[in-house]
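These are the residues of each chain, in order.
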Amino acid sequence: MDTPQTQEETRPFTARRWLRGGHVQTLASFLIQRRFHVPAPEERLIEVEPGVKVICHCHWQVDRTQALTIIVVHGLEGSSESQYMLGITEKALAAGMNAIRYNQRNCGGTDALAPVLYHSGLSNDVAAVAREVIARDGVSRLALVGFSMGGNIVLKLAGEWGAQAPPQFLAVAACCPAIDLATSADTLHEPANRIYESYFLWALRRRMLQKARLFPGRFDVNRLRGIRSLREFDDKVTAYYCGFTGVDDYYDRASAAHVVERIAVPALVLHAANDPFIRITAETRRKISSNPNITFVETADGGHCAFLGQPGRSPDGVGNAGDLRYADLRYDDGYWAEHEIVNFLRRF
């Protein structure tokens, strides 16, 4: 097992009572329904390439130009309505930030917008949204946040930008990023992880069938036959329709692992050693550790994008049990990763 690593910049993570273990944490975060206090957003369609638009749900402070703006990117088959998306938005707004909940292509009910699919390498889409809010809204400070697949995308963009990033770009944070796509896809196919892979394949098949109905003649549903793993889906569908020569070419070109050493702004990467299916290779770990801009935090527990800790103060209280770093964030609801990311971003 990987040796857990921690940094002084984050609080230690302790799993909630009765919710210990990678699978338990992961499934509990999916099954436990949360309540949020998030104001109605401004819904904005943004063109990310000619003829292709995505929907962003924007939450602005009174003076949007001066507040830090975070663009939050969800994971595979998630959307702007995913619970972690709403959770981190709630905490960011309470900390005085603007928050943009970004829907990847086809996600958030946008299948009918264009005859395209989405994949893990679409960092240019996020770059287009960043350029839009900088130009249109006068955003002066910008950060990127991503979960799982979205974590790979924002780290990939930060690495691609490198030292040539827009001057407004100040930081990036990723929770359980799938930065080594091939290794993680193969781990997902292990028997212990079939529940997750089966869910993803069900959702991806459903989306493919929907796209075929919306755009007759553009998508061949026969390509779905015989698919029993995410790797096979990515080979027969994702790579085929998204301009890659095959699944190996897709995983190689779309993985942020190739560019993490070029990230030139402060970065926070959160990862649990018992994440059921996200794996970070030894080579990628060396690249991360060689970049002084990256703070890598690996906890012993936490599962995949879960990190369900013990709740702190009640909704009527303030802060986190005397920790002044959290004094103006509603209260500690126990969702450790969301709190740590927002706390990290408060510096910018």
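Summary of the structure given here. (Residues numbered from 1 in each chain as written. Predicted model: local features only at pLDDT ≥ 70, side-chain atom pairs only at ≥ 80, totals over all residues. Heavy atoms only, no water.)

Observations regarding the side chain of D111
Next up, step 1: One can find D111 in the loop between strand 4 (98-102) and helix 3 (123-137).
Next up, step 2: Taking relative accessible area as the criterion, D111 reaches 13% and is therefore assigned buried.
Next up, step 3: Setting aside residues no more than four positions away along its own chain, D111 makes contact with N106, R207, Q210, K211, L214 and F215. (Helix = DSSP H or I, 4+ residues; strand = E, 2+ residues; numbered from the N terminus. Buried < 20%, exposed > 50% of the residue type's maximum accessible area, 1.4 Å probe, protein only. Contact = heavy atoms within 4.5 Å.)

Quick word on the nonpolar core
Next up, step 1: Among the nonpolar cores identified, the biggest contains 48 residues, and I71, L144, V172 and I263 are the most heavily contacted of them.
Next up, step 2: Apart from residues no more than four positions distant in its own chain, I71 is found in contact with I100, Y102, V126, V129, A130, L142, A143, L144 and V145.
Next up, step 3: Ranked by size, the runner-up nonpolar core spans 33 residues in total, among them A143, A173, L268 and V342. (Core = buried A, V, L, I, M, F, W, Y, C linked by side-chain atoms within 4.5 Å.)

Overview of empty space enclosed by the protein
Next up, step 1: This structure, assessed with the given rule, holds 2 cavities of 30 Å³ or more.
Next up, step 2: Lining the second largest cavity, in full, are V52, K53, R105, N106, T110, L113, A114 and V116. (1 Å grid on protein atoms, 1.4 Å probe; cavity = no way out; pocket = protein on both sides within 12 Å on 5 of 7 lines; lining within 4 Å. Points joined across faces, edges and corners; volume = space filled by probe spheres on them.)

A short note on unusual backbone geometry
Next up, step 1: Positive phi is not limited to glycine here, since E77 has a value of about 60 degrees.
Next up, step 2: Of the residues examined, E77 reaches a relative accessible area of 12% and is grouped as buried.

Some thoughts on the pairing of strand 3 (residues 68-73)
Next up, step 1: In terms of burial, strand 3 is largely enclosed, as 6 of its 6 residues are buried.
Next up, step 2: On strand 3, burial covers both faces: L68, I70 and V72 on one face and T69, I71 and V73 on the other are all buried.
Next up, step 3: Examined bridge by bridge, strand 3 and strand 5 (residues 141-147) share 6 bridges and lie parallel to one another. Its bridge partner lying in strand 5, V73 is registered against G146.
Next up, step 4: Pairing of strand 3 with strand 4, which is carried by 5 bridges, proceeds in the parallel orientation. When the sheet's bridge partners are listed, V72 is paired in strand 4 with R101.
Next up, step 5: Each parallel crossover has a hand, and for strand 3 linked through helix 2 (residues 83-94) to strand 4 it is right-handed. (Pairing = 2+ DSSP bridges. Right-handed = clockwise from strand over helix to strand, strands pointing away.)

Some details on helix 5 (residues 181-188)
Next up, step 1: Among the residues of helix 5, those classed as buried are L181, S184, A185, T187 and L188. Seen along its axis, helix 5 keeps its buried residues to an arc of 160 degrees; they face one direction. (Arc of directions from axis to C-beta.)

Topic: the packing of helix 1 (residues 22-31) against helix 6 (residues 194-214)
Next up, step 1: For the pair helix 1 and helix 6, interaxial distance at closest approach is 12 Å and the crossing angle is 35 degrees. Residues H23, T26, L27 and F30 of helix 1 lie in contact with helix 6, whose contacting residues are I195, Y196 and Y199.
Next up, step 2: Residue composition of the contact of helix 1 with helix 6, by class: 5 nonpolar, 2 polar and no charged. (Axes fitted to C-alpha atoms, helices over the stretch in contact; angles between N-to-C directions. Nonpolar A, V, L, I, M, F, W, Y, C, P; charged D, E, K, R; others polar.)

Side note on the pairing of strand 4
Next up, step 1: Buried residues dominate strand 4, accounting for 5 of its 5 residues.
Next up, step 2: Taking every second residue as pointing to the same face, both faces of strand 4 are buried, with N98, I100 and Y102 on one and A99 and R101 on the other.
Next up, step 3: Relative to strand 4, strand 2 (residues 52-59) is paired through 4 bridges, and the arrangement is antiparallel. From the neighbouring strand, H59 faces strand 4, where its bridge partner is A99.

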